[in-house]
Amino acid sequence: STLKKVDVTTIIILFFLSVVMAYYAMLQHEMKQRIIVNLELTATKSAEQINEYLSTGIDILMLASHTLDDMIRDDRPQKEILDFLVNQSAAIVNITSGKSTGIYAAIGNDFLDGTGFDTGDDFVPSSRPWYIGARANIGRVAVIDPYIDVHTKTTMITLAKTLCDVKSVVALDFSMEHLQALIEELNARSQTEMEIVLDRKYKVIAHSDRSKIGQSYISEKDTFGSTLIEKLRSSNENFFSFRFGDSDYIVYTMPVANNWLCLSVFD
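All residue numbers here refer to positions counted from 1 along the written sequence of the relevant chain. Where totals are concerned, whole chains, interfaces and linings use all residues; where local detail is concerned, this predicted model gives features only for residues with pLDDT of at least 70, and gives and counts side-chain atom pairs only at 80 or more. Note that water and hydrogens are dropped before the side-chain values are worked out from all heavy atoms of the structure.

Secondary structure elements are defined from DSSP: runs of H or I of at least 4 residues count as helices, runs of E of at least 2 residues count as strands, and each element is numbered from the N terminus. Assigned secondary structure in the protein chain consists of five helices and 10 strands. Dimensions of the protein chain along its principal axes, counting C-alpha atoms only, are 110 × 35 × 30 Å. Accessibility here uses a 1.4 Å probe with only protein chains present; expressed as a share of the type maximum, an area under 20% marks a residue as buried, one over 50% as exposed, and anything in between as partly exposed. Within the protein chain, the proportion of its 267 residues that are buried is 40%. Nonlocal contacts in the protein chain, meaning residues at least 24 apart in sequence, comprise 51% of its contacts between residues at least 6 apart. Surface summary for the protein chain: the accessible area is close to 15000 Å², and the carbon and sulfur share equals 55%. His is not counted here, nor are the chain ends, while Lys and Arg score as positive and Asp and Glu score as negative. A charged residue contributes its charge at one atom only: NZ of Lys, CZ of Arg, CG of Asp or CD of Glu. Here the protein chain holds 25 positive side-chain charges and 35 negative ones, and the gap between their average locations is 7 Å. Only heavy atoms matter for contacts: two residues are in contact if any of them lie within 4.5 Å across the pair. Calculation of accessible area relied on Shrake-Rupley with a 1.4 Å probe; when residues are assessed, cover is drawn exclusively from the protein chains displayed.

Here it is as structure tokens:
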């Protein structure tokens, strides 16, 4: 009889323990889902602000391309097109507060530079990344990977688009300095461990830690960056988790600027 009472008591205790554990597991799952949703909102806002910054240059380029298309169709002289580019460049410098140096184009066989930069007689537009990138994305604005501008010594990206005759291309350069400042600001006022923008070759083009800019994560071995890319490439979701060193991370990935990725990393 005493043994039976002990068995019943044990069963009751085990039952209540299982109920408590099930309830705890449910709460834990619910809390995890809330955290995931909150982190995703933070990551989405970061990506939206980056795209908003880049959209300024894209909108300017689209408006200019419409006018240039009309000028090409009307067979306007190259001098008139160059004057348009020069006037537009002055307006663009003002509108973007100096974040862009202006607009230029390869029209037919001529290179017309509205920024006033002397490229020299041996300059071949068709061999330049902005021209090649635009021709590979006919009808869309191509975002060309960053480079160091020779006369401003700052990191720039180029936005480029083909015109109505397909062989002509219009482009403008846009400063990465503001994007970098934006990334640092987003990181400072959010709960992210770090904010990263990668190009299509997994090279860091903006990072909340400036010293990381230019790193090629894909070519590294046994580093935070290489572990991040390994998990990124094997994930089919817009978020994933991984462990590096003594820390666990959750990473949200959002597409920005066509082929780039904004990564919001949470510890």
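A cluster of nonpolar side chains, namely Val8, Ile12, Phe15, Phe16 and Val19, defines an oily patch on the protein surface of about 480 Å² accessible area. Turning to its location among the elements, Phe16 is positioned in helix H1 (residues 2-73). Phe16 gets classed as exposed once you look at its relative accessible area, which sits at 52%. Only residues whose relative accessible area exceeds 30% and that form no salt bridge enter a patch; like-charged residues are grouped when within 9 Å of one another, and nonpolar side chains (Val, Leu, Ile, Met, Phe, Trp, Tyr) when within 5 Å. What makes a salt bridge here is a side-chain nitrogen of Lys or Arg within 4 Å of a carboxyl oxygen of Asp or Glu, nothing more.

What follows is about the sheet that holds strand E10 (residues 260-266). Think of a sheet as strands paired side by side through backbone hydrogen bonds, with each pair either parallel or antiparallel. Any two strands with at least two DSSP bridges between them are considered paired. Read across the sheet, five strands follow the order E7-E6-E10-E9-E8 without closing on themselves; strand pairing throughout is antiparallel. Each having just a single partner strand, strand E7 (204-207) and strand E8 (239-244) make up the two edges of the open sheet. The sheet shows a mean angle of 25° between the axes of neighbouring strands, taken without regard to direction. Relative to E7, strand E6 (residues 194-198) runs antiparallel, the two being bridged by three bridges. Residue pairing in the sheet places Val197 in a bridge with Ala206 of E7. Between the N-to-C directions of two axes lies an angle of 0 to 180 degrees, each axis being a line fitted to C-alpha atoms and, for a helix, fitted only over the stretch in contact. Contacts from helix H4 (residues 177-188) reach E6, E7 and E10, with the element oriented near 45° to E7.

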